[in-house]
Amino acid sequence: LALPCLRDITIYGDGKTNSRIKQITNAENGFTSSCVWATTKNGLKIRDLWLASTGAVATAGYGIHLNAMGRSQITNVYFESWRTGLHSTNSLEVTVRGNSFAGGQDGIGDDASSGTDSNDWVVDDNDFETQSRNAIRLASTPASYRVINNSFQGADKGAIWIIAGFGIAVDNNYFEANSDGT
């Protein structure tokens, strides 16, 4: 579902495992929001949903794709079997809190496409389990990225993969049975 570039869109359900949205078309995203972060037409909030993909993980698409978004909140969402649960390109001021990422290649993935890397993210109190690649994969050069109070279990290529960046804090997380030895 492609979301319009409007200010303060809120999408919510009845709870993390109560309101399920299932993407049955392979290689399609659950939600895609593309905007221009420098404008005031931002502020996507998605909460209390279960986003499931039925496609093969390698081609399943993204649960939520943020493209050049600002001031977004993803809260209490259960991501199941996406290529990447939450994927971002050049998005600023994003809070990811209280979510569960089950299966898929990556729980959270971040790429830069135009030289404006994501920054000012808070990834707090999330559960990441059994990703076939990384729980968090930052292929851009993020700034001010805080990863705190999360649980990382069973990521095949390692819990957190960062290519470069600055102002990145990883604190008070739990790591178990990830292939990087954590």
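Residues numbered from 1 in each chain as written. Predicted model: local features only at pLDDT ≥ 70, side-chain atom pairs only at ≥ 80, totals over all residues. Heavy atoms only, no water.

K.L.:
Help me understand the overall build of the protein chain in this model?
P.N.:
From N to C terminus, the protein chain includes 0 helices and 19 strands. A compact globule built from 182 residues would reach a C-alpha radius of gyration of about 16 Å, and the protein chain, at 15 Å, matches this within 12%. Seen along its three principal axes, the alpha-carbon backbone of the protein chain occupies a region of about 45 × 35 × 25 Å. On the protein chain, roughly 7900 Å² of surface is accessible, and the fraction owed to carbon and sulfur atoms is 48%. (Helix = DSSP H or I, 4+ residues; strand = E, 2+ residues; numbered from the N terminus. Rg over C-alpha atoms; globule rule 2.2 N^0.38 Å. Areas by Shrake-Rupley, 256 points an atom, 1.4 Å probe, with all protein chains shown as cover.)

K.L.:
I tried to follow the nonpolar core on my own but got confused; where do I start?
P.N.:
As a rule of thumb, soluble globular proteins bury nonpolar side chains together. Membership of the largest hydrophobic core comes to 31 residues, with the highest contact counts inside it found for Ile-46, Ile-64, Phe-79, Leu-86, Ile-108 and Val-123. Those elements that place two or more of their residues in this core are β5 (45-53), β6 (62-67), β7 (70-80), β9 (92-97), β12 (119-124), β14 (134-138) and β15 (143-148). Setting aside residues up to four positions removed in sequence, Ile-108 forms contacts with Thr-84, Leu-86, Val-96, Phe-101, Trp-121, Val-123, Phe-128, Ala-135, Ile-136, Arg-137 and Tyr-145. (Core = buried A, V, L, I, M, F, W, Y, C linked by side-chain atoms within 4.5 Å. Buried < 20%, exposed > 50% of the residue type's maximum accessible area, 1.4 Å probe, protein only. Contact = heavy atoms within 4.5 Å.)

K.L.:
Any chance you could explain the environment of Gly-107 here in plain terms?
P.N.:
Along the chain, Gly-107 falls in strand β11 (residues 106-111). Overall, Gly-107 belongs to the buried group, its relative accessible area being 1%. Excluding its chain neighbours within four sequence positions, the residues that come into contact with Gly-107 are Thr-84, Gly-85, Leu-86, Phe-101, Phe-128, Gln-131, Asn-134 and Ala-135.

K.L.:
When you look at the packing of aromatic side chains in this model, what are you seeing that I'm missing?
P.N.:
The full count for this structure, using the stated rule, is 6 aromatic pairs. Their ring planes at 5 degrees and their centres at 4.6 Å tell us that Phe-79 and Phe-101 sit as a pair that is stacked. Highlighted residues: Phe-79 in strand β7 and Phe-101 in strand β10 (residues 100-102), separated in sequence by 22 residues. On the basis of relative accessible area, Phe-79 is assigned to the buried category, the value being 2%. Pairing Trp-121 with Tyr-145 gives two aromatic rings, centres 5.3 Å apart and planes at 10 degrees, and the pair type is stacked. With Trp-121 in strand β12 and Tyr-145 in strand β15, the pair connects residues that are 24 residues apart, well separated along the chain. Trp-121 gets classed as buried once you look at its relative accessible area, which sits at 0%. (Phe/Tyr/Trp six-rings, centres within 6.5 Å; stacked < 30°, edge-to-face > 60°.)

K.L.:
Sorry, what's going on with unusual backbone geometry here?
P.N.:
It is generally the case that most residues other than glycine have a negative phi and that most peptide bonds are trans. Of note in this structure, Arg-71 is not a glycine but carries a positive phi near 55 degrees. Looking at where Arg-71 falls in the secondary structure, it is placed in strand β7. Not every positive phi belongs to a glycine, and Asn-149 is a case in point at roughly 60 degrees. Note on placement: Asn-149 falls in the loop between β15 and β16 (151-153). Relative accessible area serves as the criterion here: at 32%, Asn-149 is assigned to the partly exposed category.

K.L.:
Where do I start with the pairing of β14 in this structure?
P.N.:
Here is the key point about a regular strand: its side chains alternate between the two faces of the sheet. Most of β14 is tucked away, with 5 of its 5 residues classed as buried. Sheet analysis places β11 next to β14, joined by 4 bridges and oriented parallel. What sits directly across from Asp-106, in β14, is Asn-134. Taken together, the 3 bridges between β14 and strand β17 (residues 160-162) define a ladder with parallel strand orientation. Within the sheet, the bridge partner assigned to Arg-137 lies in β17 and is Trp-161. (Pairing = 2+ DSSP bridges.)

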